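Listed below, chain by chain, are the residues.
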Amino acid sequence: MVEKVLKKLIGLALAAVILLTTGCGNSNGKDFSKEESGSNNSDIAMGRYAEEEIDLSESLVNTREIKKLSDGRLMIADTSSGIWVSDDNGSSWKSENTKWLEEKLKNAYIMDITVLEDGTLGIIYDDYEEVPEESDSAFNLSPECALVKADGTVIPISFSLSEDEMYANRMWMTKEGRAFVTTLGNIIYEVKEDGSSEEFLTMEGRPMLIQFWENIMLIDGYDFEAPLLYDMEKKEYVEDDVLTDFVKEQAADRQFNGGSWYDLYYFFGEDGALYLAGEKGLYHHTTEQETEQETEQLIDGSLSCLGSPQYGIKSMIMLEDEMFLAVFNSGKIVRFTYDPNMPSRPEESLKVYSLEDSYGIRTAIAGYQTANPNVFVEYEIGRGEDNGITREDALKKLNTQIMAGEGPDVLMMDGLPVDSYIEKGLLLDLNDFMEGVFKEEELYENLIRAFAHEGSIYTVPGQVGFPVMLGRENYVSGMKDLASVADEMEKIRKDYPEKDILGICSEKALMKIFSVSSAPAWKSENGEINEDAVAEFLTQMKRIYDAQMDGIGQKWVDRYESTSNWCAEELGESWEYNLGLYGVNTLDYVGEYTQFMAGMTTYPYGYYDITSAAKTKGFEDTVLEPMAGQCSNIFAPDTILGINAASAKKELAEGFLKEFLGKEVQMSLGGFGVNKEAFNEMLTVDGKDLGENNQYGSMAMMDEDGVEVYLDVYYPEEEELNTLKGWMESADTPYIADIVFEQAIFEEGVEYIQENQSLEETLDAIRNQLAIYMSE
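What you are looking at is a predicted structure, and each value in this text was computed from that prediction instead of being measured.

Caption draft 1: Representation of the overall build of the protein chain. In terms of helices and strands, the protein chain carries 20 helices and 36 strands. Of all 776 residues assigned to the protein chain, the portion counted as buried reaches 54%. Put simply, 64% of the contacts in the protein chain that link residues at least 6 apart link residues at least 24 apart. Summed over its atoms, the accessible surface of the protein chain is roughly 34,300 Å², and 44% of this surface lies on carbon and sulfur atoms. Positive and negative side-chain charges in the protein chain, numbering 61 and 149 respectively, have mean positions lying 2 Å apart.

And the structure:
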């Protein structure tokens, strides 16, 4: 399936957390041009970059660049708010827009903006007064590109672009005033003073980031193994094997996020050296061919806001005295200043573990690190992207570490055998600790106490999601359990022959999504398999699958298989067990690609777009209900934490959990947090961010046939917000995926659904598969 999704949010204001992080120095404890400072303890290396944050989140929405002007002032260019300047090295900022630019900010969609030291603007914009009419395409942008002199003189730029290039989308300028433009293709154009243009360089990938130093053009982008250095005078590439090898090793999977922010950002310092900033920190790279080239770490990302997933870097510059200033996608500016009297690494440490790399854990670590600058949090990932280790091998390694007393202090239990760890006494009883937290934080106790095991709490969730159903009232209102879901599916099939009903053409995927509202019934209180419940689940899943596939048009099957193949290639063959892929696709529903949706809602804006379906013309009879299944009051916890019972650092570990449950970290997670204050604030929007009838944004999709679908997204009515709050307050049954259990049921369930074996044979096969697992 080839889909292009456009989200054009109207004044979307995301709540942000102020992180005044204390940074760190390079890995060997000294800056590239400074010697280590002495200290009272000669064993402690000194010298680290401290961080100071300036909050411009209300002014900076989509920053393109920050640069230092010839008069010493600093300048930020933002496509939503224009030009900002600072006379005090970034401590304070003021708007400095020309009359022409102010007019465009009001009446045009500005795609890119850059500024020369003489005030000349390089700008790409699309004039509009209102959102396009239904007859217009949200994808057929026709932006204009121009040079605008300080006196307001506009020099239009002309291009002759191919269909693949579509339109100009970024402009780049050298200090000397040479202007270059990139499109959605792989050609870089140079713009002449009169506004004409010519092809300058053709790439094998799509350029997304270009920087200049004297005659050198640095280019990186999609399909680039590493950045390229091009000599614009000699018209030839410059080899830099050290830089190439470093980027291939440290940032092979870097993304450019549509140009909104960069996983790895490059910039040249006033010393001519190249700097690289990203998740792993800040690096200094010597580029001069006459000297020995090397890449050295100045700031360790694990101790800096650079390593936080909340801080997507947009632009960065070097100031005097080897000071740095960065702008992030949150609108925050951070100044990095070297402090020779700060220990290069905190004296205390805490180990945190997760089976898979976790955005939530990285966010929580960043928040904890901020509040506890004297503690170094070491994050271990059981199955990192590069080690190719299986889940089973990762668990064996973890268990060996724990038994040897070398295990992590804090465990993220997602994907781990929670029941087994509790039964073996590997997790700390958190009852007393949580009683203290409950007194200090207003939490959804029902969600946390739902994890109690024989009266004790061993794990706590950070955020939760809910399984839901979306469809026409005459069908969904009759769905009370799995049997009635199957009944209504069969009715839909009769009413919509050949149509795709659920958008899922896989037995395993259907079982996965409906397992969320059923799996807690598959085990008895003593942990044994409840065969009656499993038998009922499989029986109804066969009916649901048969209704979905009975007479379905081949194009819908092909559409699903295209998506499935992409997921398998990108995420691995077990992708169908990943609950994060089962969100409700409201665009598919209002586009009538599906007649009924079953999936997860996990974060505020996702809930807004689901509740907006009934506000779409022709879909007023749509209803949203909790997913019917074998259980009720279900919630799906995410980022579940526990403490190693054998940890020698229980106090630090409890401090981490306390920070994790606090408002700031909970808001940073982005989902439905268990902290009430964070949850309520995440659902609160400023009235000025809402359009007519409380419109909050819009979404659009173009399918593989070029058909476009639109959805206006509205801030929920009070009743709709109360529905979500009611789920948060009443949910008491957690769905915690038991991977081994599910694999046995799903694999054998496929054979039953395909009628390769009877139900009794299927139950026997499941029983045999689980025999060893249940005895461990």
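Once the structure has been displayed, the description carries forward.
Caption draft 2: Looking closely at helix H11 (residues 531–549). Counted at 1.5 Å a residue, the expected span for H11 with its 19 residues is 27 Å, and the 27 Å between its end C-alpha atoms agrees. Those residues of H11 lying buried are Ala533, Val534, Ala535, Phe537, Leu538, Gln540, Met541, Lys542, Ile544, Tyr545, Ala547 and Gln548.

Caption draft 3: Region of the structure containing the packing of aromatic side chains. Overall, the coordinates contain 33 aromatic pairs when judged by the stated rule. Within the aromatic cluster, the residues linked to one another by ring pairs are Tyr49, Tyr222, Phe256, Tyr262, Tyr265, Phe267, Tyr275, Phe324 and Tyr338. The ring of Phe741 is capped by Lys523, whose NZ or CZ atom sits 5.0 Å from the centre of that ring. Just above the ring of Tyr444 sits the side chain of Lys676; from NZ or CZ to the centre is 5.2 Å.

Caption draft 4: Expanded view of the side chain of Ser612. The topology assignment puts Ser612 in the loop between helix H14 (604–611) and strand E31 (622–626). With residues near it in sequence (within four places) discarded, Ser612 still touches Leu711, Asp712, Val713 and Tyr714.

Caption draft 5: Local environment of the nonpolar core. Ranked by size, the top nonpolar core spans 146 residues in total, and within it Met434, Phe514, Phe596 and Phe656 carry the most contacts. Per element, the largest residue contribution to this core is 9 residues, and it comes from H11. Discounting residues that sit within four places of it in the chain, Phe596 has contacts with Met469, Leu470, Val476, Met479, Met489, Ile492, Ile501, Leu502 and Tyr589. Membership of the second largest hydrophobic core comes to 52 residues, among which are Phe246, Leu264, Leu282 and Met318.

Caption draft 6: Highlighting the packing of helix H3 (residues 359–371) against helix H15 (residues 650–661). Running from N to C, H3 and H15 cross one another at 110°; their axes reach a closest spacing of 9 Å. Classified by the angle between their axes, H3 and H15 sit roughly perpendicular to one another. Seen along the crossing, H3 lies across H15 with a hand that is right-handed. Every residue of H15 that contacts H3 at Ala364, Ile365, Gly367, Tyr368 and Ala371 is listed here: Leu652, Gly655, Phe656, Glu659 and Phe660. Class assignment for the residues of the contact of H3 with H15 results in 7 nonpolar, 2 polar and 1 charged.

Caption draft 7: Summary view of the sheet that holds strand E7 (residues 108–115). Strand order in the open sheet formed by 4 strands is E7-E8-E9-E10, and the pairing between neighbours is antiparallel. The sheet terminates laterally at E7 and strand E10 (154–156), the two strands that pair on one side only. The sheet shows a mean angle of 25° between the axes of neighbouring strands, direction not considered.

Caption draft 8: Fine view of the sheet that holds strand E15 (residues 206–213). Spatial ordering of the open sheet is given by E15-E16-E17-E18, a layout of 4 strands whose pairing is antiparallel. A single partner strand is all that each edge strand has here, and the edge strands are E15 and strand E18 (236–238). Between one strand axis and the next, the sheet turns by 35° as a mean value, whatever way the strands run.

Caption draft 9: Geometry of a negative patch on the surface. A contiguous patch of negative charge on the surface is contributed by Glu239, Asp241, Asp245 and Glu249. Mapped onto the secondary structure, Asp245 falls in helix H2 (residues 241–250).

Caption draft 10: The arrangement of the environment of Gly503 in detail. Looking at where Gly503 falls in the secondary structure, it is placed in the loop between helix H9 (482–495) and helix H10 (507–515). Classification of Gly503 as partly exposed rests on a relative accessible area of 24%. Residues Gly503 and Glu233, 270 residues apart in the sequence, show an inter-C-alpha distance of 55 Å.

Caption draft 11: Local environment of the pairing of strand E2 (residues 46–55). In terms of residue burial, E2 counts as a mostly covered element, since 7 of its 10 residues are buried. The sheet contact formed by E2 and strand E25 (residues 332–343) spans 9 bridges and is antiparallel. Residue pairing for E25: Glu53 is matched across the bridge by Val334.

Caption draft 12: Local environment of the environment of Thr539. With respect to the element layout, Thr539 can be found in helix H11. Residue class for Thr539 comes out partly exposed when judged on its relative accessible area of 25%. Between the C-alpha atoms of Thr539 and Ile753, which are 214 residues apart in sequence, the distance is 8.4 Å.

Caption draft 13: Main features of the packing of H11 against helix H19 (residues 739–753). Viewed as axis vectors pointing N to C, H11 and H19 meet at an angle of 50°, and their least axial separation amounts to 10 Å. Taken together, the axes of H11 and H19 lie oblique to each other. When you trace H11 past H19, the crossing you get is right-handed. Across from Val534, Phe537, Leu538, Thr539, Met541, Lys542 and Tyr545 in H11, the residues of H19 making contact are Ile745, Phe746, Gly749, Tyr752 and Ile753.

Caption draft 14: Quick look at helix H12 (residues 554–571). With 18 residues, H12 ought to run about 26 Å at 1.5 Å a step, and its terminal C-alpha atoms sit 25 Å apart, in line with that. For H12, every residue scored as buried is listed here: Trp556, Val557, Arg559, Tyr560, Ser564, Cys567 and Ala568. Axial view of H12: buried residues confined to an arc of 165°, hence all on one face. Those residues of H12 that are exposed and aimed more than 90 degrees away from the buried face are Gln554, Lys555, Asn565, Trp566 and Glu569. Elements in contact with the buried residues of H12: H10, H11, helix H13 (586–590) and strand E34 (695–702). Residue Gly572 follows H12 closely and has a positive phi angle near 100°.

Caption draft 15: Examining the pattern of salt bridges more closely. One pass over the structure, following the stated rule, counts 39 salt bridges. Between Asp546 and Lys542 there is a salt bridge; the shortest N-O distance is 3.2 Å. Of this pair, Asp546 and Lys542 both sit in helix H11, separated by 4 residues, roughly a single helical turn. A relative accessible area of 33% means that Asp546 is categorised as partly exposed. Here Lys663 ties to Glu681 by a salt bridge, and the two come within 2.7 Å at their closest N and O atoms. Of this pair, Lys663 sits in helix H16 (residues 663–669) while Glu681 sits in helix H17 (residues 676–682); the two residues are 18 residues apart in sequence, bridging distant segments of the chain. Exposure remark for Glu681: the relative accessible area of 32% places this residue in the partly exposed category. Members of the salt-bridge network, linked through shared partners, are Arg178, Glu190, Lys192 and Glu198.

Caption draft 16: Summary view of the state of the cysteines. Tallied over the entire structure, the rule returns 0 disulfides. In this structure Cys505 is a free cysteine whose sulfur lies 13 Å from that of Cys567, the closest cysteine sulfur available. When its relative accessible area of 12% is taken as the criterion, Cys505 is described as buried. Take Cys567: its relative accessible area is 9%, and that puts it in the buried class.

Caption draft 17: Inspection of the environment of Ser81 at higher detail. Take Ser81: it is sitting in the loop between strand E4 (74–78) and strand E5 (82–86). Residues Ser81 and Met434 lie 353 residues apart in sequence; the distance between their C-alpha atoms is 45 Å.

Caption draft 18: Molecular detail of unusual backbone geometry. A positive phi angle is found at Lys235, which is not glycine, with a value near 55°. On the secondary structure map, Lys235 appears in the loop between strand E17 (228–231) and E18. In this structure Lys235 comes out as exposed when scored by relative accessible area, which is 62%. Its identity as a non-glycine residue notwithstanding, Glu454 has a phi of 55°, on the positive side. With respect to the helices and strands, Glu454 occurs in the loop between helix H7 (445–449) and strand E29 (460–472).

Conventions we followed
Residues numbered from 1 in each chain as written. Predicted model: local features only at pLDDT ≥ 70, side-chain atom pairs only at ≥ 80, totals over all residues. Heavy atoms only, no water. Helix = DSSP H or I, 4+ residues; strand = E, 2+ residues; numbered from the N terminus. Buried < 20%, exposed > 50% of the residue type's maximum accessible area, 1.4 Å probe, protein only. Contact = heavy atoms within 4.5 Å. Areas by Shrake-Rupley, 256 points an atom, 1.4 Å probe, with all protein chains shown as cover. Lys, Arg positive; Asp, Glu negative; His and termini not counted. Charge placed at Lys NZ, Arg CZ, Asp CG, Glu CD. Expected span 1.5 Å × (residues − 1). Phe/Tyr/Trp six-rings, centres within 6.5 Å; stacked < 30°, edge-to-face > 60°. Lys NZ or Arg CZ within 6 Å of the ring centre and 35° of its normal. Core = buried A, V, L, I, M, F, W, Y, C linked by side-chain atoms within 4.5 Å. Axes fitted to C-alpha atoms, helices over the stretch in contact; angles between N-to-C directions. Parallel < 35°, antiparallel > 145°, perpendicular 65-115°, else oblique. Left-handed = near helix turned anticlockwise from the far one by under 90°. Nonpolar A, V, L, I, M, F, W, Y, C, P; charged D, E, K, R; others polar. Pairing = 2+ DSSP bridges. Patch = residues over 30% accessible without salt bridge, like charges linked within 9 Å, V, L, I, M, F, W, Y side chains within 5 Å. Salt bridge = Lys/Arg side-chain N within 4 Å of Asp/Glu carboxyl O. Arc of directions from axis to C-beta. Disulfide = S-S within 2.5 Å.

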